[in-house]
Amino acid sequence: MSVNMKTKYLGMELANPVVVSACPLVAHADTLRRIEQAGAAAAVMPSLFEEQIDRDESALADLFESTTDRFPEANDFFPEMRRYNDGLESYLKYIEESRRKVSIPLIGSLNGCTPGGWVRHARRIEEAGAAALELNIYFVPTDPDETGEDVERRYVDLVAAVRDVVSIPLAVKIGPYFSSTPNMARKLVQAGANGLVLFNRYLQPDLDIETLAITPRLNPSTRDELRTPLRWIAILRPHFDVSLAATSGVHAAEDVVKLILAGADIVTTASALYQHGVDHIRKLIEGTRGWLEEKGYCSVAQAKGSMSRVHAPDPAGFERANYIKAIVEFT
Amino acid sequence: MERRLTTVDGNEAAARPAHRVNEVIAIYPITPASPMGELADALSAAGVENIFGVVPEVIEMQSEGGAAGAVHGALQAGALATTFTASQGLLLMIPNMFKIAGELTSTVFHIAARTVATHALSIFGDHSDVMAARSTGWGMLFAATVQEAHDFSLIAQAIALESRVPFLHVMDGFRTSHEINKIEQLSDDDLRYMIDDKLVRAHRDRALSPDRPILRGSAQNPDVFFQAREAINPIYQAVPGVVLKTMDRFAERVGRRYGLFDYIGAADAERVIVLMGSGAGAVEEAVETLVGRGEKVGLIKVRLYRPFDARAFVAALPPSVRAIAALDRTKEPGSVGEPLYLDVVASIADHWEERIGESHSKPLPRVIGGRYGLSSKEFTPAMAHAIFDELGRDRPKRRFTIGIIDDVSGTSLKWDPAFHDEPADVLRAVFYGLGSDGTVGANKNSVKIVGENTPLYAQGYFVYDSKKSGSTTISHLRFGPRPIKSTYLIQKANFIACHQFTFIDRIDVLELAEPGAIFLLNCRRGPEEVWDELPREMQERIIEKRLRFYVVDGYKVAEDAGLGSRINTVMQTCFFALSGVIPLDHAIDSIKKSIEKTYGKRGESIIRKNFAAVDSALASLHEVKVPDRATSTRRRRSAVVGATTDFVERVTSMMLAGKGDLLPVSALPVDGAFETGTSKYEKRSIAAEIPVWDPDICIACGLCALVCPHTAIRAKAYAPAALAGAPAGFRSIAWDDKAFHDYRLTIQVAPDDCTGCGVCVDVCPARSKEIAKHKAINMQAVTDELVELERPSFAFFLDIPEIDRTEVKTDTVKGSQLLEPLFEYSGACAGCGETPYLSLLSRLFGDRTVIANATGCSSIYGGNLPTTPWAKNAEGRGPAWSNSLFEDNAEFGLGMRLALDHQQAYARRLTAEVAGIAGGDLVASILEAEQETEADIAEQRRRVSALKEKLAGCEEAAAKALLNVADALVRKSVWIVGGDGWAYDIGFGGLDHVLASGRDVNILVLDTEVYSNTGGQASKATPRGAVAKFAAEGKAIGKKDLGMIAVDYGSVYTAQVAIGANPLQTIRAFHEAESYRGVSLIIAYSHCIAHGIDMSTSMTHQKEATQSGYWPLFRYDPRLAGEGKHPFHLDSREPTIPFQAFAAKEARFAMLMRSDPERAARLLELAQKDINERMHFYTQMAGIERSAPERMAPSGRHVLEIES
């Protein structure tokens, strides 16, 4: 008996639950084709960053304005170009072209943290043919006066603003650091999210002790990181019928299986593909299929959420007791 | 037929038709004509076709001579071809122009007429350039307005095609080329109508073709040359008829009628002014006023100046005329009179009787000749009035000047500025802004808004000061119901805006305000507080002139909108709101449309921010209730500061105060020689932030002083005793050295000279252990408290004695920075990449250096009045500096070397002769002195001084002669300085010759990789993949390897340096180059605003340029050749970062990555290959052994320094 690997995500029927997350691999047409050939069910396009859009436009304006009409001998210093591509145009063009080259759904990705004019770019991504949009909200509060409520409102407002301008399904990717992730999830869903992507692996800065400079650094995920989304998907699944995507730490088929059991509709992966190559996707899918087969599941749908917090034999394992248990076992 | 009304400047007006009716366009940048070439290039790059349906070929050449040659060739091969130029550029075209005219070839060159350099360079307008081309045989058609520049661009082409005589189409540089005015744009059909296809075909039929071969350009002999020259006479005689016919044809179609000479004024005029060019506008206004008063005056505008139709000219005069003033915008010293005057005199002599027919009793009218408007000197209706008055006198001056006060030769006429009032229905608005605050751009935009969206006419003209950093701009805008022909600056303004609050302390911004005018001040203070912040003079002006005074906090509005310091749209909105020139709603709507048009391509966020600024501007605009008396105790600051010289007091200070026009002739030197070291008197205080030294952290490395582009941060080491009397807050640290024990060291900023660029902070390596961002140098906002601390400290610092330079290790960063700089406070851009090299040069060798400086940025910040940065030390020694031309600088410097060598040879001979007077030992020691080190030089100076003392008073001829040249016995250093435009392009032929000369000259190429001074046009130093003007799609070919060309000679010391990447290597290269007694070439990486970088981190860019292998550092020293050593030393390691990582941080490359990623990727790939290949080549070079060519003095000549 063959296992039905299909799953539903953001209203789309996907061939299997393995999706490639937003990463530079997806930014190359050739690699994207290979990703499809390896069996990935969908791909999230690289993120368009709010700061980058704003910064690029400002930089361009500053460049022209600061060098224009300064001296009698030089009205300006740069030729007017026929067009100024602020990054958005090539991004959209890439989505359009990729859509023609591959048949798997392509999910657009916007990364930002403030409502503003840039949100309108979501519409352009939709028009370029993205099947859905992933809104990656990454906000680092630094002001002690800004409360948790303020931060949550920021998220909700942003989701509502994007929801306003697009009609394609909208997934919201967030980090794990909320006082109440379930409550936050509800607010996001109420604001218009059709799905949640759990979790953002925050780019954590590093220090260069030679130059005393802050250096951005993003290490590949490790399998240990899987357990944060695993827990929260298991907790959220019974409360929400929106799509849940698991991301972070998915390196092996076992990881895919675990997340499906916890309740994920899809799992996304990137780091593993850097380590093992794009063909690793096939192993993830086949490994998952093999496990389901071996264990006698007939479909992904059947296994999905079977180990969620309410379906698991020991729900407390997802809660604080889990912590106690771990300590007891280690000591 | 409805034609589009547009507001453009003269350059655009002329270039658009020129691009459309030509096929080949060869260009080269030169002020003020560069924008014509740039526009032609941009149009072709955008695929705009000519009227023949093909995109014209536009090519940038290496010089104007090259452009003329290319055009000549294109014409000979049958193309319609043109170019655009001015001044020295036109002079370089003259040899080709003789040929083109001699061959009767149809073409038009479009000229923005500019002063030819004489006692000084001037970028401004007069007719000295075109007048120098009179003998070439070209026709000359003079446009007087922007509309005429547009019309004549086409008319001249039609005339040239029909007459076969090539034409110069001339407009006045700046006054017309840069004036924005509302014009009617010719349609494509107009262009096609005026360009006769038959004539185009005839032009092509005359071309060289192997299918019907001919030979042109023969060499002729005495038997036939003369006759052949005379054979063209009928052609030239026919030209005026062709011109008239063409102008009539134009009038029939377009409606604007022109003549060879257009007369305006009373039909029975007795006094007539004759002139050509933009001055006609001012005279016309005077004539209208005077005729309105019943005076019999008139004006002849000369349109066709060559061939000069004398009969037609006389026919254009009213027969009643009794006195004529011919005005020339040029000077020909030694001539009987200037060109137009002579033409008028001859024409009257030849044709007057014919003109008056029967009434032979009328005497010949008296003709007087006057000069006006040299170098864009203002020429106003009041001046024209004074000329008419002069014509009315019984004995007028036969030769006069107008517009200046000539107290030497008495040529000048007095004029009454009060003579002329502009009509009350013309809004005359004057705006004071900073070069970087967008004031000029906003005003250009306002002229367009009014000109193109309303029935009103509009004019804009913009005046800049001579600085490249913190420059002041003054915009003159007129709006009125009739076409605006006022070709002079606004004399009385009914609207004045000051966009920068700091100006009120140094500029009399209300001088031009007429009673009751509106005054808008951009100010952080509100309407209640601002009054007390004004200097007393301003308060008095406001009260006395009953001004309506408004303030707006444009800074805050712009900041809130996310626009930073760009206050342009805020101020523009306030202008429209206050002036009422058009209804406010309409204005705001137009501003927004224009914002969308201007910024649309650059991104939505920019549009949004500007919209926000417009929307919130008016809420911050407030009227100030003006008190009835002045209360301020603060006075406007004096233009010069500190103890000055007599010249600075009398002359420089007037220029600095903006009163240079009032200086009489006697105030100026007769030969262009000025005292040096005057920049120190001009305290501009333009920095919003200045660096502040923290001695507790400082490691005394000297980097901050080394990289300071304005020599505004300095290091000094001194004995502790010098600290006596130090002001409170003066800082120092202990400093020890082998030669200087227990010394103190101070790093001091010049608070009023710093531009706030921040480069010193970027390079400072010392950080606080507690607060990592705190360095030994930190930018701090300029406050009264800070200035009160730093000003006296800097004054005290300057008075501390200089260190004994003979004991300093000058080959280290720290040591070099302890030497006194003799190049300071230049007006270069904040963060300039060129000036640190010059500052270093001045420190190391300045007291014995002669500098030949090519035209370009370095000649402008190095030699543009009012004040100049080359300075002298306490002994009165310092760099002697001169600028000859753009193209000849290497030869110019070589000439200096030859002279110095010759003088030295002469002095040595005389020294040997005076042994009996001076003593054999002294003479021998002088003649044998090695003069290699600072100590050697100092010793030789002492010897020469002793020699001079012994010779003083001697009557012997040899002694007298030696006293005159004895200083030549001290070794002099010749530096040939210029940019890449000079070294790689226009001056390369001469540079190459000097490289081959073997003489002891040092060539410093400040390589910004573009023509920086004229606005960033590509040169052969521009790298592959960079976007520049004339390379809008990214330069496809790589940079010329000038260094390797020099190395190829074998005998040329060659170094490629980047002061920010490896300061020690730079210093070493300067020393090695100077000490080498042959030709030395240093190619110095000079970042520039044209690179599109954050200038405060420019030195980091230099590092990355080197780390990526993009700018490898090397030194080739012929002294190491033949000794078994390797003369080529590669100072750069293997690249550690890819080229792309460097390129992505510079807009010149990054622009293309965004606008055309595929092309950019390909170019970057090729650029990376270039780098790999070059590094591979250089690495091999570093391993080669080589003998330098042996040098030998020319036969029979004295072997000078070469032998050493």
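Residues numbered from 1 in each chain as written. Chains lettered and ligands numbered in written order. Predicted model: local features only at pLDDT ≥ 70, side-chain atom pairs only at ≥ 80, totals over all residues. Heavy atoms only, no water.

### Here's the deal with the overall build of chain B
At step 1: Each helix and strand in chain B was counted, giving 40 helices and 37 strands.
At step 2: For 1204 residues, the compact-globule estimate of 2.2 N^0.38 gives 33 Å, and chain B sits close to it at 32 Å.
At step 3: Within chain B, counting contacts between residues at least 6 apart in sequence, those at least 24 apart form 77% of the total.
At step 4: For chain B, the computed accessible surface area is about 45200 Å², with 52% contributed by carbon and sulfur atoms.
At step 5: In chain B, 133 positive and 153 negative side-chain charges are present, and the distance between their average locations comes to 2 Å. (Helix = DSSP H or I, 4+ residues; strand = E, 2+ residues; numbered from the N terminus. Rg over C-alpha atoms; globule rule 2.2 N^0.38 Å. Contact = heavy atoms within 4.5 Å. Areas by Shrake-Rupley, 256 points an atom, 1.4 Å probe, with all protein chains shown as cover. Lys, Arg positive; Asp, Glu negative; His and termini not counted. Charge placed at Lys NZ, Arg CZ, Asp CG, Glu CD.)

### Focus on the pairing of strand 18 (residues 472-480) of chain B
Residues and elements named next belong to chain B.
At step 1: Taken across its nine residues, strand 18 has eight buried, putting it largely inside the fold.
At step 2: As paired strands, strand 16 (residues 427-434) and strand 18 are joined by eight bridges and run antiparallel to one another. In the sheet register, Y432 faces strand 18, and the bridge partner there is I474.
At step 3: When strand 17 (residues 457-464) meets strand 18, the two strands line up antiparallel, connected through eight bridges. What sits directly across from F462, in strand 18, is S475. (Buried < 20%, exposed > 50% of the residue type's maximum accessible area, 1.4 Å probe, protein only. Pairing = 2+ DSSP bridges.)

### Notes on the interface of chain B and chain A
At step 1: Opposite the 57 residues of chain B that make contact, chain A presents 36 residues.
At step 2: Summed over both sides, the interface between chain B and chain A buries roughly 4100 Å², with carbon and sulfur atoms accounting for 52% of that surface.
At step 3: Taken as a group, K601, R602 and R1154 of chain B account for 20% of the area that chain B buries against chain A, more than any other trio of residues on that side.
At step 4: Applying the counting criterion to the chain B and chain A interface returns four salt bridges.
At step 5: We note a salt bridge from E65 of chain A to R566 of chain B, for which the minimum N-O separation is 2.6 Å. (Buried area = accessible area lost by both parts, 1.4 Å probe. Salt bridge = Lys/Arg side-chain N within 4 Å of Asp/Glu carboxyl O.)

### Things to note about the packing of helix 2 (residues 50-66) of chain A against helix 20 (residues 604-617) of chain B
At step 1: Look at helix 2 of chain A against helix 20 of chain B: their axes get within 8 Å of each other, and the N-to-C directions meet at 70 degrees. Taken as axis vectors, helix 2 of chain A and helix 20 of chain B run roughly perpendicular relative to one another. Along its contact with helix 2 of chain A, which presents D54, E57, S58 and A61 of chain A, the element helix 20 of chain B presents E604, S605, I606, R608 and K609 of chain B.
At step 2: Among the residues forming the contact of helix 2 of chain A with helix 20 of chain B, the class breakdown is two nonpolar, two polar and five charged. (Axes fitted to C-alpha atoms, helices over the stretch in contact; angles between N-to-C directions. Parallel < 35°, antiparallel > 145°, perpendicular 65-115°, else oblique. Nonpolar A, V, L, I, M, F, W, Y, C, P; charged D, E, K, R; others polar.)

### Some remarks on the nonpolar core
For soluble globular proteins, the rule of thumb is that nonpolar side chains tend to be buried together.
All names here are of chain B.
At step 1: Within the largest apolar cluster, 153 residues are counted, with the highest numbers of intra-cluster contacts made by W982, I1003, L1004 and F1070.
At step 2: A total of eight residues in this core trace back to one element, the largest contributor, which is helix 40 (residues 1157-1181).
At step 3: Three or more residues apiece are contributed to this core by two domains, here domain 4 (676-819) and domain 6 (1008-1181).
At step 4: The contact partners of I1003, leaving out residues within four places of it in the chain, are I976, W982, L991, V994, L995, V1079, S1080, L1081 and I1082.
At step 5: A26, F84, L141 and L340 belong to the second-largest nonpolar core, a separate cluster that totals 102 residues. (Core = buried A, V, L, I, M, F, W, Y, C linked by side-chain atoms within 4.5 Å. Domains from an automatic or database assignment.)

### Points about a positive patch on the surface
All names here are of chain B.
At step 1: On the surface, R366, R395, R398 and R399 cluster together into a patch of positive charge.
At step 2: Tracing the sequence through the fold places R395 in the loop between helix 14 (381-391) and strand 15 (399-402).
At step 3: With relative accessibility at 76%, the residue R395 sits in the exposed group. (Patch = residues over 30% accessible without salt bridge, like charges linked within 9 Å, V, L, I, M, F, W, Y side chains within 5 Å.)

### Notes on unusual backbone geometry
Trans is the common state for peptide bonds, and a negative phi is the common state for residues other than glycine.
At step 1: A cis amide bond links L198 of chain A to the next residue, F199 of chain A, at an omega of 5 degrees.
At step 2: By the element assignment, F199 of chain A lies in the loop between strand 9 (195-198) and strand 10 (204-208).
At step 3: With an omega dihedral of -5 degrees, the bond running from T31 of chain B to P32 of chain B counts as a cis peptide bond.
At step 4: Along the chain, the position of P32 of chain B falls in the loop between strand 2 (24-27) and helix 2 (34-45).
At step 5: The backbone of Q931 of chain B shows a phi angle near 55 degrees, a positive value even though the residue is not glycine.
At step 6: Note on placement: Q931 of chain B falls in the loop between helix 30 (920-928) and helix 31 (934-951).
At step 7: Accessibility expressed as a relative area gives 6% for Q931 of chain B, which makes it buried.

### Topic: the packing of helix 11 (residues 279-292) of chain B against helix 14 of chain B
Axes are the key here: two packed helices are described by the angle between their axes and the distance separating the axes.
All names here are of chain B.
At step 1: It is at 8 Å that the axes of helix 11 and helix 14 come closest, and there the two elements cross at 65 degrees. Crossing handedness for the pair helix 11 and helix 14: right-handed. Contacts between helix 11 and helix 14 involve A282, V283, E285, A286, V287 and L290 on the former and, on the latter, P381, A384, H385 and F388.
At step 2: Counted by class, the contact of helix 11 with helix 14 contains eight nonpolar, one polar and one charged residues. (Left-handed = near helix turned anticlockwise from the far one by under 90°.)

### Let's talk about the packing of aromatic side chains
At step 1: Going through the model one piece at a time under the given rule, you end up with 43 aromatic pairs over all chains.
At step 2: On the numbers, 5.1 Å between centres and 45 degrees between planes, the contact of F124 of chain B with F174 of chain B is tilted. One end of the pair, F124 of chain B, is in the loop between strand 5 (108-113) and helix 5 (128-131); the other, F174 of chain B, is in the loop between strand 7 (167-172) and strand 8 (180-184), and 50 residues separate them in sequence.
At step 3: Looking at F124 of chain B, the relative accessible area reads 28%, which means it is partly exposed.
At step 4: Grouping aromatic residues by their ring pairs yields a cluster made of F142, F261, Y305, F308 and F313 of chain B.
At step 5: Its end group placed over the ring of F71 of chain A, K468 of chain B keeps NZ or CZ at 4.7 Å from the ring centre. (Phe/Tyr/Trp six-rings, centres within 6.5 Å; stacked < 30°, edge-to-face > 60°. Lys NZ or Arg CZ within 6 Å of the ring centre and 35° of its normal.)

### Remarks on the sheet that holds strand 24 (residues 713-718) of chain B
Residue and element names in this part refer to chain B.
At step 1: If you trace the three strands from one edge of the open sheet to the other, you get 24-26-25, paired in antiparallel fashion. At either margin of the open sheet sits one strand with a lone partner, and together these are strand 24 and strand 25 (733-735). Between one strand and the next, the sheet's axes are offset by a mean angle of 35 degrees, whatever the strand orientation.
At step 2: The pairing of strand 24 with strand 26 (residues 743-749) spans six bridges and is classified as antiparallel. Within strand 26, the position partnered with A717 by the bridge is L745.
At step 3: On the sheet, helix 24 (residues 784-799) packs against strand 24 and strand 26 and is oriented at approximately 130 degrees with respect to strand 26.

### Some points on the pattern of salt bridges
Residue and element names in this part refer to chain B.
At step 1: Using the criterion set out here, one finds 92 salt bridges over all chains in the structure.
At step 2: E452 serves as the salt-bridge partner of K448, at 3.4 Å between the closest nitrogen and oxygen. Placement of the pair is K448 and E452 together in helix 15 (residues 439-453), with a separation of four residues, close to one helical turn.
At step 3: The exposure class assigned to K448 is partly exposed, which follows from its relative accessible area of 33%.
At step 4: When the shortest N-O distance is used, the salt bridge between E559 and R524 registers 2.7 Å. One end of the pair, E559, is in helix 17 (residues 554-560); the other, R524, is in the loop between strand 20 (513-522) and helix 16 (536-544), and 35 residues separate them in sequence.
At step 5: What you see here is one network of salt bridges that share partners, running through R3, D151, E184, D190, R253 and R256.

### A word on the side chain of T247 of chain A
All names here are of chain A.
At step 1: Considering the arrangement of structural elements, one finds T247 in strand 12 (residues 243-247).
At step 2: Among the polar contacts listed, one links the side chain of T247 to the side chain of T268, at a separation of 2.9 Å.
At step 3: Non-local contacts of T247, meaning those with residues more than four positions away in its chain, are made with S21, K173, V197, L198, F199, P229 and T268. (Polar contact = N/O pair within 3.5 Å; in protein donor to acceptor, adjacent residues only side chain to side chain.)

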